[in-house]
Amino acid sequence: MKDKRQMKNLININDEHLKELENEAIFVMREVAAQFEKKVLLFSGGKDSIVLVHLARKAFWPARIPFTLMHIDTGHNFEETLKFRDDLAKEFDAELIVKKVQDSIDNGRVVEEQGVNASRNKAQSITLLDAIEELNIDVAIGGGRRDEEKARAKERFFSHRNEFGQWDPKNQRPELWNIFNGRKHPGEHFRVFPISNWTELDVWQYILNENIKLPNLYYTHKRKIFKRNGIYLAWAPFMQLKPTEKVFETDVRCRTIGDITCTGVTLSKADSLEEIISEIAATRITERGGRYDDKRSEAAMEDRKKEGYF
């Protein structure tokens, strides 16, 4: 009985807190719509970008979302994510642009990594920057949150990028009293993160409150996986295994979704939003603690962001 009461209290969300976060995110999105011309919302099919689309719909209802959805496709994405992406774009009557890392490789813009640890995740930066230049994009909205990782914690709502698409954490503009400075020189652009102040738990509680649909990857399902350096990774036919690594099938779910080669999965029995929230509230492992690409160095995320990563 005690456990049931605790779960009930956990799910009984502080509506005022979530409403403040929602209002803040909507305010930021409206500022983006007012200050910039060529606007895209970076959409990966993950929970944070899905929440962004939901917030954008609320911010501008009954008008259409004034942002084009843009997905940087590594070619190594989960099929479930791609289907969800296409279905959501149709449901929301939103324009969708897909830029492929494979095209960057074919055009000689990116050299594909080789070996058992090969990943196209880092290569997304080049594809994204090329798309921004090609389409004259002056702002890209993303679902980054400050609680995800120490480099993310340095990010402002309006994150200035120079003419090379690079991020300088020491050269960001103050945002006093929620006044956002979107002025830029030709060739520069901004990344904007409306849910910067949300936590992972906030996101899940909001998804529950708003009854937002998600890909089934977030719920417990059977999948072939293997273990590498303490992290469980989903297995795909294009992935190389070390001699000591064995593929097996078990119940897992994803906490964060990206390129298959670096998306860690969690052993879990949580197949409902309530159970996921309880699981996250009890864990001591961060959301990106299972992202294999973050293990490459102590400053892996910050290095990638300086090069133009999301």
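Structure's up top.
Everything numeric here is computed off the predicted structure, so don't read it as measured data.

Participant: Mind showing me how you'd approach unusual backbone geometry here?
Facilitator: Residues Trp-61 and Pro-62 are joined by a peptide bond in cis, for which omega reads 10 degrees. Examined against the element boundaries, Pro-62 turns out to sit in the loop between α3 (47-60) and β2 (68-73). Positive phi, normally seen in glycine, also occurs at Asn-178, with a value near 55 degrees. By the secondary structure assignment, Asn-178 is in the loop between β5 (158-161) and β6 (189-192). For Asn-178, a relative accessible area of 39% translates into the label partly exposed.

Participant: Whenever I open this one, the sheet that holds strand β3 (residues 96-100) confuses me. Can you help?
Facilitator: One key point about sheets: their strands pair by backbone hydrogen bonds, in either a parallel or an antiparallel sense. Sheet architecture is open: six strands sit in the order β3-β2-β1-β4-β6-β5, paired in mixed fashion. The two strands at the open ends of the sheet, each matched to only one other strand, are β3 and β5. Between one strand axis and the next, the sheet turns through 30 degrees on average, direction left out of account. Here five bridges tie β2 to β3, and the two strands are oriented parallel to one another. Of the residues in β3, the one forming a bridge with Leu-69 is Leu-96. Each of β1 (39-42), β2 and β4 (139-141) touches α3; the most contacted strand, β1, lies at about 140 degrees to it.

Participant: Is there a simple way to think about the pairing of β1 in this case?
Facilitator: One face of the sheet, then the other: side chains in a regular strand alternate in exactly this way. With burial as the criterion, each face of β1 is covered, one bearing Lys-39 and Leu-41 and the other bearing Val-40 and Leu-42. Two elements, β1 and β4, share three bridges in a ladder whose sense is parallel. Considered in β4, the bridge of Lys-39 is made with Val-139. With three bridges connecting them, β1 and β2 associate as parallel partners. Residue pairing across strands places Val-40 opposite Thr-68, the latter belonging to β2. Chirality of the crossover, the property in question, places the unit of β1, α3 and β2 among those that are right-handed.

Participant: Teacher, can you tell me more about the nonpolar core here?
Facilitator: Inside soluble globular proteins, nonpolar side chains tend to come together where they are buried. Within the largest apolar cluster, 63 residues are counted, with the highest numbers of intra-cluster contacts made by Leu-41, Leu-55, Phe-67, Phe-158, Trp-198 and Trp-204. Shared between two domains, this core takes at least three residues from each, and those domains are domain 1 (8-201 + 298-307) and domain 2 (214-293). With residues near it in sequence (within four places) discarded, Leu-55 still touches Glu-22, Ala-25, Ile-26, Met-29, Ile-195, Trp-198 and Tyr-206. Ile-72, Ile-97, Ile-132 and Ala-140 belong to the second largest nonpolar core, which has 14 residues in total.

Participant: Could you clarify how one ought to interpret the packing of aromatic side chains in this entry?
Facilitator: How two aromatic rings sit relative to each other is set out by the distance from centre to centre and by the angle between their planes. Counted according to the given criterion, the structure contains ten aromatic pairs. Ring centres of Phe-60 and Phe-67 lie 5.6 Å apart, and the angle between their planes is 85 degrees; on these two criteria the pair is classed as edge-to-face. Each member of the pair Phe-60 and Phe-67 is classed as buried. Ring centres of Trp-198 and Tyr-206 lie 5.1 Å apart, and the angle between their planes is 80 degrees; this geometry places the pair in the edge-to-face category. Of the residues examined, Trp-198 reaches a relative accessible area of 1% and is grouped as buried. Grouping aromatic residues by their ring pairs yields a cluster made of Phe-27, Phe-36, Phe-157, Phe-158, Phe-180 and Phe-190. Above the face of the Phe-92 ring, Arg-57 is positioned so that its terminal group lies 4.5 Å from the ring centre.

Participant: Is there a simple way to think about the pattern of salt bridges in this case?
Facilitator: Where charged atoms of side chains with opposite charge meet at close range, the side chains can pair. For the structure on display, the rule yields 20 salt bridges. Residue Arg-64 is joined to Asp-93 by a salt bridge in which the shortest nitrogen-to-oxygen separation is 3.5 Å. Note that Arg-64 is positioned in the loop between α3 and β2 and Asp-93 in the loop between α4 (79-91) and β3, a separation of 29 residues in sequence. Judged by relative accessible area, which is 48%, Asp-93 ranks as partly exposed. Through salt bridges that share partners, Lys-19, Glu-22, Lys-58 and Glu-210 make up one connected network.

Participant: What am I meant to see in helix α7 (residues 200-210) here?
Facilitator: Structurally, the α-helix is built with 3.6 residues per turn, so residues lying three or four positions apart point the same way. Most of α7 is tucked away: eight of the eleven residues are buried. Of the residues flanking the end of α7, it is Asn-211, one or two places downstream, whose phi is positive at about 55 degrees.

Participant: I'm lost on the packing of α3 against α7 in this one. Help?
Facilitator: Closest axis-to-axis distance for the α3/α7 pair is 11 Å, and the angle between their directions is 55 degrees. In terms of orientation, α3 lies oblique with respect to α7. In terms of crossing hand, the pair formed by α3 and α7 is left-handed. In this structure, α3 uses Lys-47, Asp-48, Val-51, His-54, Leu-55 and Lys-58 to contact α7, whose residues at the interface are Glu-200, Val-203, Trp-204, Tyr-206, Ile-207 and Glu-210. In terms of residue class, the contact of α3 with α7 is built from six nonpolar, one polar and five charged.

Participant: Hey, could you run me through the packing of α7 against helix α8 (residues 273-282) in this one?
Facilitator: Two packed helices can be described by the angle between their axes and the distance between those axes. Running from N to C, α7 and α8 cross one another at 165 degrees; their axes reach a closest spacing of 10 Å. Of the possible angle classes, the one that applies to α7 and α8 is roughly antiparallel. Seen from above, α7 lies across α8 with left-handed handedness. Contacts from Glu-200, Leu-201, Trp-204, Gln-205, Ile-207 and Leu-208 in α7 reach Leu-273, Glu-274, Ile-276, Ile-277, Ile-280 and Ala-281 in α8. Of the residues assigned to the contact of α7 with α8, the class counts are nine nonpolar, one polar and two charged.

About the criteria used
Residues numbered from 1 in each chain as written. Predicted model: local features only at pLDDT ≥ 70, side-chain atom pairs only at ≥ 80, totals over all residues. Heavy atoms only, no water. Helix = DSSP H or I, 4+ residues; strand = E, 2+ residues; numbered from the N terminus. Buried < 20%, exposed > 50% of the residue type's maximum accessible area, 1.4 Å probe, protein only. Pairing = 2+ DSSP bridges. Axes fitted to C-alpha atoms, helices over the stretch in contact; angles between N-to-C directions. Contact = heavy atoms within 4.5 Å. Right-handed = clockwise from strand over helix to strand, strands pointing away. Core = buried A, V, L, I, M, F, W, Y, C linked by side-chain atoms within 4.5 Å. Domains from an automatic or database assignment. Phe/Tyr/Trp six-rings, centres within 6.5 Å; stacked < 30°, edge-to-face > 60°. Lys NZ or Arg CZ within 6 Å of the ring centre and 35° of its normal. Salt bridge = Lys/Arg side-chain N within 4 Å of Asp/Glu carboxyl O. Parallel < 35°, antiparallel > 145°, perpendicular 65-115°, else oblique. Left-handed = near helix turned anticlockwise from the far one by under 90°. Nonpolar A, V, L, I, M, F, W, Y, C, P; charged D, E, K, R; others polar.

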